Amino acid sequence: MASYLQIADDEKGHDLDLFCVPRHYESDLDKVIIPHGLIMDRTERLARDIIQDMGGHHIVALCVLKGGYKFFADLLDYIKVLNHNSDKSVPLTVDFIRVKSYCNDKSTNSVRVIGGDELSNLSGKNVLIVEDIVETGRTMQTLLSLLNECNPKMVKVVSLLVKRTPRSSGYRPDYIGFEVPDAFLVGYALDYNEYFRDLSHICILNDQAKEKYKV
């Protein structure tokens, strides 16, 4: 089972005024739940674990857009450093796919994969899917089902966050950064209707903001 850092349900978090938070978001957030520095340290360790497990193989890193782009970039930077500074290095190429399953703060229970016609290029490849957050798990299960039809050699999934929720299908990624409470999280490229991607820390969105930015 994947190891992870658990953020408890009763985690008090950190006051916003202890961190650099964009002024235009200050009234929209309850608290900082995962500071940026902790995200980076955990991402560095995930990079090391991935290289230990998949090293020696050519890896195609598949970024799940849009929320995964920041985690994807930082994870690959750490893998690149490991490639430069260790005896074990791995050839790495990248690809991108967009998956959409949310409207406002609710899952639509339907998963749209944009760019799925390009998955056939992954036949026979070692694929590392890089995701920002796994909630119910149904989105990732749908993507894995589509990908498996293309006969990749190996597929691993790394997700920065996994949410503890009664709505979970039971799916767990191969690599997990943090297990988090069942709250709506934004920041570090996680969005609410495209807002908050420009927030460095992962924060809990308050109810007023859900109405403010609702579409």
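Definitions and limits used
Residues numbered from 1 in each chain as written. Predicted model: local features only at pLDDT ≥ 70, side-chain atom pairs only at ≥ 80, totals over all residues. Heavy atoms only, no water. Phe/Tyr/Trp six-rings, centres within 6.5 Å; stacked < 30°, edge-to-face > 60°. Helix = DSSP H or I, 4+ residues; strand = E, 2+ residues; numbered from the N terminus. Buried < 20%, exposed > 50% of the residue type's maximum accessible area, 1.4 Å probe, protein only. Axes fitted to C-alpha atoms, helices over the stretch in contact; angles between N-to-C directions. Parallel < 35°, antiparallel > 145°, perpendicular 65-115°, else oblique. Left-handed = near helix turned anticlockwise from the far one by under 90°. Contact = heavy atoms within 4.5 Å. Nonpolar A, V, L, I, M, F, W, Y, C, P; charged D, E, K, R; others polar.

## Considerations on the packing of aromatic side chains
Following the criterion strictly, the structure yields 5 aromatic pairs and no others. Pairing Tyr195 with Tyr213 gives two aromatic rings, centres 4.4 Å apart and planes at 45°, and the pair type is tilted. In this pair, Tyr195 sits in the loop between β9 (185-186) and β10 (202-205) while Tyr213 sits in the segment after α4 (207-212), placing the two residues 18 residues apart along the sequence. Relative accessible area serves as the criterion here: at 40%, Tyr195 is assigned to the partly exposed category. We classify Tyr213 as buried; its relative accessible area is 9%. Taken together, a centroid distance of 5.2 Å and an interplanar angle of 80° make the contact between Phe196 and Tyr213 edge-to-face. Of this pair, Phe196 sits in the loop between β9 and β10 while Tyr213 sits in the segment after α4, placing them 17 residues apart in sequence. Classification of Phe196 by relative accessible area gives buried; the value is 0%.

## Concerning unusual backbone geometry
Along the chain, Leu65 connects to Lys66 via a cis peptide bond; the corresponding omega equals 0°. Within the secondary structure, Lys66 is located in the loop between β3 (59-65) and α2 (69-85). Phi angles above zero are rare outside glycine, and Ala189 is one such case at about 80°. Within the secondary structure layout, Ala189 lies in the loop between β9 and β10.

## Considering the packing of helix α1 (residues 36-54) against α2
Put simply, α1 and α2 touch, their axes get as near as 9 Å, and they point 55° apart. Compared by their axis directions, α1 and α2 come out oblique. Between α1 and α2 lies a crossing whose hand is right-handed. Residue-level contacts link Met40, Thr43, Glu44, Leu46, Ala47, Arg48, Ile50 and Ile51 of α1 to Phe71, Asp74, Leu75, Tyr78, Ile79, Leu82 and Asn83 of α2. Broken down by class, the residue content of the contact of α1 with α2 amounts to 10 nonpolar, 2 polar and 3 charged.

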